[in-house]
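Listed here are the chains, written in short residue letters.
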Amino acid sequence: VQLVESGGGLVQPGGSLRLSCAASGFTFRSYHMSWYRQAPGKERELVAAITSDGGSTTLEDSVQGRFTISRDNAKNTVYLQMNSLKPEDTAVYYCYAQPVHSYDMDYWGKGTLVTVSS
């Protein structure tokens, strides 16, 4: 089982990045997917979530109107489009897979660093 995040990096305030999380080793379409982030010295927090069929999404208040979560079940990939980035968005971003069925395991990726700085 693997969740591999990519797309992080250094970007100036106001810029954009698109994170990707490629899943393998489990039935992707049977999992709700989320992006979390953890800034230095802070707890990990939920940023965005999407249901297994992509029919419903949730965004944390501070990223509403700037971030979009989407998924492609044919490619076993979930995305986080981040626009109008702010310095306070600087964090390690993690992909999380939550099973639809409680008897399945959940999974975390290893994270990708996003740094917003001029």
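Quick note: structure is the one above.
In this text the structure is predicted, and so the values were computed from the model without any measurement.

Engineer: What should I look at first to understand the state of the cysteines in this one?
Structural biologist: Covalent bonding between the sulfur atoms of two cysteines is what defines a disulfide. Enumeration over the complete set of coordinates arrives at one disulfide. With a sulfur-sulfur separation of 2.1 Å, cysteine 21 is cross-linked through a disulfide to cysteine 95. Taking the sign of the S-S torsion, about -85 degrees here, the bridge from cysteine 21 to cysteine 95 comes out left-handed. Remark: cysteine 95 occurs in strand E9 (residues 91-99) and cysteine 21 occurs in strand E3 (residues 17-24); sequence separation between them is 74 residues. With relative accessibility at 0%, the residue cysteine 21 sits in the buried group.

Engineer: Would you explain the pairing of strand E7 (residues 67-72) in this entry?
Structural biologist: Two faces belong to every sheet, and in a regular strand the side chains alternate between them. Of the two faces of E7, only the one carrying Phe67, Ile69 and Arg71 is buried; Thr68, Ser70 and Asp72 on the other face are not. Two elements, E7 and strand E8 (residues 77-82), share six bridges in a ladder whose sense is antiparallel. Its bridge partner lying in E8, threonine 68 is registered against glutamine 81. The hairpin formed by E7 and E8 contains four residues between the paired strands, and asparagine 76 there has a positive phi angle of roughly 55 degrees.

Engineer: Just to check I follow, could you spell out the sheet that holds strand E1 (residues 2-6) for this structure?
Structural biologist: Strands in a sheet are paired, the pairing made by backbone hydrogen bonds, and the direction either parallel or antiparallel. Strand order in the open sheet formed by four strands is E1-E3-E8-E7, and the pairing between neighbours is antiparallel. For this open sheet the edge positions go to E1 and E7, each flanked by a neighbour on one side alone. On average, adjacent strands in this sheet sit at an angle of 15 degrees to one another, irrespective of strand direction. Where E1 and E3 come together, five bridges link them in antiparallel fashion. When the bridges of E3 are listed, leucine 3 appears paired with alanine 23.

Conventions adopted
- Residues numbered from 1 in each chain as written.
- Predicted model: local features only at pLDDT ≥ 70, side-chain atom pairs only at ≥ 80, totals over all residues.
- Heavy atoms only, no water.
- Disulfide = S-S within 2.5 Å.
- Helix = DSSP H or I, 4+ residues; strand = E, 2+ residues; numbered from the N terminus.
- Buried < 20%, exposed > 50% of the residue type's maximum accessible area, 1.4 Å probe, protein only.
- Pairing = 2+ DSSP bridges.
- Axes fitted to C-alpha atoms, helices over the stretch in contact; angles between N-to-C directions.

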